[in-house]
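These are the residues of each chain, in order.
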Amino acid sequence: MTTTPVSAPISILLVDDQTERAAMVAEQLTAAGYNLLAQLSSAEGLLFQVEKHRPDIVLIDIESPDRDILESLSVINQHNPTPVAMFSARGGAEFITSAVEAGVSAYMAEGLSAERVAPAIEIAMAQFRSYQHLRESLQRTQQQLDERKIIERAKGLLMARKNISEQAAHQTLRTLAMNSNSTMRNVAEQIVAHLQSPAR
């Protein structure tokens, strides 16, 4: 008899600067089956807390969000990407744009409440997955373009130095890569570095 594995509850790091509201939200999150890892009264030390707890999502409800929190979120987005849902009724259009650019997956222009938690988490995590997929796709495309450019550069140098055809230059790169158990990109980089270096 096989059993279906039970998925772990979504783990949350809560940032809320209103003590009473934070306690209520924390209670509601726990009652709803979420795993509340930690509760912060400000965004100070947010980088450390995200690195320490590795939450599935960060929920932020700050009365007056400022640029400092956006800087922290931007660093998190670069080095330890994590879904973030932010709630604030005071953020203008410019701030919301900056928040999204800093890595906020879902911005709710209202305060955090019980009925908004679950939808916000679902939206933030879905948006985050979509963004990460797009970013990874763009990175792969850029890597492929960079690889093609360096290989073409190496082929051009080989054709000029050895007076051979493009096909022969390509075959030379393939043979060198196979013989050295390396990639064509690595071989191309070595050839470009060697052939472009000043004569000794």
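Structure: see above.
The rules behind each value
- Residues numbered from 1 in each chain as written.
- Predicted model: local features only at pLDDT ≥ 70, side-chain atom pairs only at ≥ 80, totals over all residues.
- Heavy atoms only, no water.
- Helix = DSSP H or I, 4+ residues; strand = E, 2+ residues; numbered from the N terminus.
- Rg over C-alpha atoms; globule rule 2.2 N^0.38 Å.
- Buried < 20%, exposed > 50% of the residue type's maximum accessible area, 1.4 Å probe, protein only.
- Areas by Shrake-Rupley, 256 points an atom, 1.4 Å probe, with all protein chains shown as cover.
- Lys, Arg positive; Asp, Glu negative; His and termini not counted.
- Charge placed at Lys NZ, Arg CZ, Asp CG, Glu CD.
- Expected span 1.5 Å × (residues − 1).
- Arc of directions from axis to C-beta.

> Which residues make up the overall build of the chain, and what values do they have?
Scanning the chain for helices and strands turns up seven helices and five strands. Along the chain direction, N to C, the helices and strands of the chain fall in the order β-α-β-α-β-α-β-α-β-α-α-α. Here the chain has a C-alpha radius of gyration of 25 Å; the compact-globule value for 200 residues is 16 Å, and the former is much larger. In terms of principal-axis extent, the alpha carbons of the chain reach across some 80 × 55 × 25 Å. The buried share among the 200 residues of the chain stands at 38%. For the chain, the accessible surface area stands at approximately 12,500 Å², while carbon and sulfur atoms represent 51% of it. Separation between the mean location of the 18 positive side-chain charges and that of the 23 negative ones in the chain comes to 18 Å.

> Any details on helix α6 (residues 166-179)? Residues and values, ideally.
Note that an α-helix has 3.6 residues per turn; residues three or four places apart therefore point the same way. Between its first and last C-alpha atoms α6 spans 20 Å; for 14 residues at 1.5 Å apiece the expected length is 20 Å, and the two agree. All of the buried residues along α6 are A169, L173 and A177. Down the axis of α6, the smallest arc covering the buried residues is 75 degrees, so these residues share one side. For α6, the exposed residues set more than 90 degrees away from the buried face come down to Q167, M178 and N179. Within two residues after α6, N181 carries a phi angle of roughly 50 degrees, on the positive side.

Geometric values such as these leave the question of function open.
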